[in-house]
Amino acid sequence: MRRSSSLQRLLIYGLSGPIVALNVWLLSVLFRYFQNPITILSMAAILAFLLNYPVKFFERARITRTQAVIIVLLITLTLFSILGVTLVPLLIDQTIQLLNKIPDWLTASQANLELIEKLAKQRRLPLDLRVVSNQINASIQSVVQQLASGAVGLAGTVISGLLNFVLVVVLAFYMLVYGDRVWNGLINLLPAQIRHPFTTSLQLNFQNFFLSQLLLGLFMILALTPIFLVLRVPFALLFAILIGISQLIPFIGATLGIGLVTLLVLLQDWWLAVQLAIATIIVQQIKDNLLSPRLLGNFIGLNPIWIFVAILMGYEIAGLLGTLVAVPIAGTIKGTFDALKAGKQGDFMSTVTIAHDSPLE
């Protein structure tokens, strides 16, 4: 009997790996085939999750949910319009200037490498930077080609982006108004013991995770912009926003953003790059040690290794969108399984927890 049970267990474990791999591959194929509609639906769902907080706030003022949704969307569109008129043109201008400067910076870095190699030869040091120099030449040609091709499709990209933005806002509106009915219809397809813990865990993970990440990203932007201006970092606002947006990718996003900005500045001025790196690391440590524990809480029961695996799998399946939703999805799955193991529908675990004195409550 024991032998039969162990063989059955080995068979289950042996088949689970290929089944998981097949499902991951199938999800990747489906996403590539329906990439645009899936991306629009996902962004609309995330926006609806975030706007649900102010909608509930207005509902407490004894107005209908539809009226609350309209008020919140009007406020949101007003804020987006203000940003579109004031901030977006400035960012576009700085981005174009940066793209035009990159070939010159790469050329300057190549000259610096040649100078270093010349000094090394004078001191009889075995230093050969020809491979690096050739890579820089290839990078210069690639950047110039991309700039030329990007300028041609810029108008089409802007129009497509505006259309997608309108679709996201419209879908978010309908999700806020009628989302409960659609969700109840979908969740009723699941077994009864899974419905409540899955719904609660999904809601907590997505709402708390994205709202916390947005607040942390906003802190990085507001803290780094004046620092970059004082240090006279070129394209200070653009670089600060780039680091802040990268904060949306958990654990590794801020580090990748800081590394990219430091590398770009390093092409122009190594001492400025050192100062920038030190300043951003200090701000990041303040964010990680003081703000993150209060806003984001702890990742309960989810090993950091599995978080990195989830991010990598999310990127492989759905690119940037996959990295954004990988952690809350993993937390939802973990929280649902924990609730099922506990045997109590109300006893779930959320990967993202909020401290009691958090301003989000």
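Calculation rules
- Residue positions are counted from 1 within each chain, in the order its sequence is given.
- The predicted origin of the model limits local features to residues at a pLDDT of at least 70 and limits the giving and counting of side-chain atom pairs to 80 or more, whereas totals for whole chains, interfaces and linings rest on all residues.
- Side-chain measures were taken over the full set of non-hydrogen atoms in the model, leaving aside hydrogen atoms and water.
- UniProt positions are given in the numbering used here, feature names are shortened, and annotations may be inferred rather than shown by experiment.
- What counts as a helix is a DSSP run of H or I of at least four residues, what counts as a strand is a run of E of at least two, and both are numbered from the N terminus.
- Helix span, as expected, comes to 1.5 Å for every residue beyond the first.
- Here the bend at each residue means the angle between axes fitted to two seven-residue stretches, the one ending at that residue and the one beginning there.
- A fitted line through C-alpha atoms represents every axis, and for helices the fit uses only the stretch in contact; the resulting angles, taken between N-to-C directions, go from 0 to 180 degrees.
- Our angle categories are set so that under 35 degrees counts as roughly parallel, over 145 as roughly antiparallel, 65 to 115 as roughly perpendicular, and the remainder as oblique.
- Should the near helix be turned anticlockwise from the far one by less than a right angle, the crossing is left-handed, and should it be turned clockwise, the crossing is right-handed.
- What makes two residues a contact is simply this: any of their non-hydrogen atoms within 4.5 Å.
- Any pair of Phe, Tyr and Trp rings, taking the six-membered ring for Trp, is counted once the centres come within 6.5 Å. Such a pair is stacked with planes under 30 degrees apart, edge-to-face with planes over 60 apart, and tilted for the rest.
- With a 1.4 Å probe rolled over the protein chains alone, any residue whose accessible area is under 20% of its type maximum counts as buried; one over 50% counts as exposed, and the rest are partly exposed.
- Buried residues of nine kinds, namely Ala, Val, Leu, Ile, Met, Phe, Trp, Tyr and Cys, make up a nonpolar core once their side-chain atoms join them within 4.5 Å.
- Should a side-chain nitrogen of Lys or Arg be within 4 Å of a carboxyl oxygen of Asp or Glu, the pair is scored as a salt bridge.

In the nomenclature of an unreviewed UniProt entry, the protein chain is known as AI-2E family transporter of Anabaena azotica FACHB-119. Recorded in UniProt under Sequence similarities (unreviewed entry), the annotation for the protein chain is "Belongs to the autoinducer-2 exporter (AI-2E) (TC 2.A.86) family."

A.B. asks: Talk me through helix H6 (residues 192–231); I want residue IDs and the actual numbers.
C.D. replies: With 40 residues, H6 extends 59 Å from end C-alpha to end C-alpha; this agrees with the ideal 58 Å at 1.5 Å per step. Where H6 bends most, the angle comes to about 25°, and this point is Leu224, followed within four residues by the proline Pro226. Directly after H6, the chain includes Arg232, whose backbone phi takes a positive value near 60°.

A.B. asks: Residues and numbers for the packing of H6 against helix H7 (residues 236–246), please.
C.D. replies: One way to put it is that H6 packs onto H7 with a least axis distance of 8 Å and a crossing angle of 155°. On the basis of the axis angle, H6 is roughly antiparallel to H7. Our pair here, H6 against H7, has a crossing hand that is right-handed. In this structure, H6 contributes Gly217, Met220, Ile221, Leu224, Thr225, Phe228 and Leu229 to the contact, and H7 contributes Ala236, Leu237, Phe239, Ala240, Ile241, Ile243 and Gly244.

A.B. asks: Requested: an account of the packing of aromatic side chains, with residues and values cited.
C.D. replies: Scanning all chains against the criterion turns up eight aromatic pairs. For the pair Phe80 and Phe165, a centre-to-centre distance of 5.3 Å together with 85° between the ring planes defines the contact as edge-to-face. Highlighted residues: Phe80 in helix H3 (residues 65–122) and Phe165 in helix H5 (residues 154–187), separated in sequence by 85 residues. What makes Phe80 partly exposed here is its relative accessible area of 37%.

A.B. asks: Give me the lowdown on the nonpolar core, citing residues and values where you can.
C.D. replies: If you look at the biggest cluster of nonpolar residues, it comprises 27 residues, and the most contacted ones within it are Leu98, Leu224, Phe228, Val233, Phe239, Ile243 and Val265. Breaking this core down by element, the ones donating at least two residues are H3, H6, H7, helix H8 (253–266) and helix H9 (270–295). It is H7 that contributes the most residues to this core, seven residues altogether. In contact with Ile243, other than residues within four places in its own chain, are Met220, Leu224, Phe228, Gly257, Ile258, Val261 and Thr280. Listed in part, the 17 residues of the second largest apolar core include Phe31, Leu50, Leu202 and Phe209.

A.B. asks: Lay out the pattern of salt bridges in plain terms, naming residues and giving numbers.
C.D. replies: For side chains bearing opposite charge, pairing can occur when the charged atoms are close. Evaluated as defined, the whole model comprises two salt bridges. Residue Glu59 is joined to Arg65 by a salt bridge in which the shortest nitrogen-to-oxygen separation is 3.2 Å. With a closest N to O distance of 2.7 Å, Lys287 and Asp288 form a salt bridge. In this structure Asp288 comes out as partly exposed when scored by relative accessible area, which is 31%.

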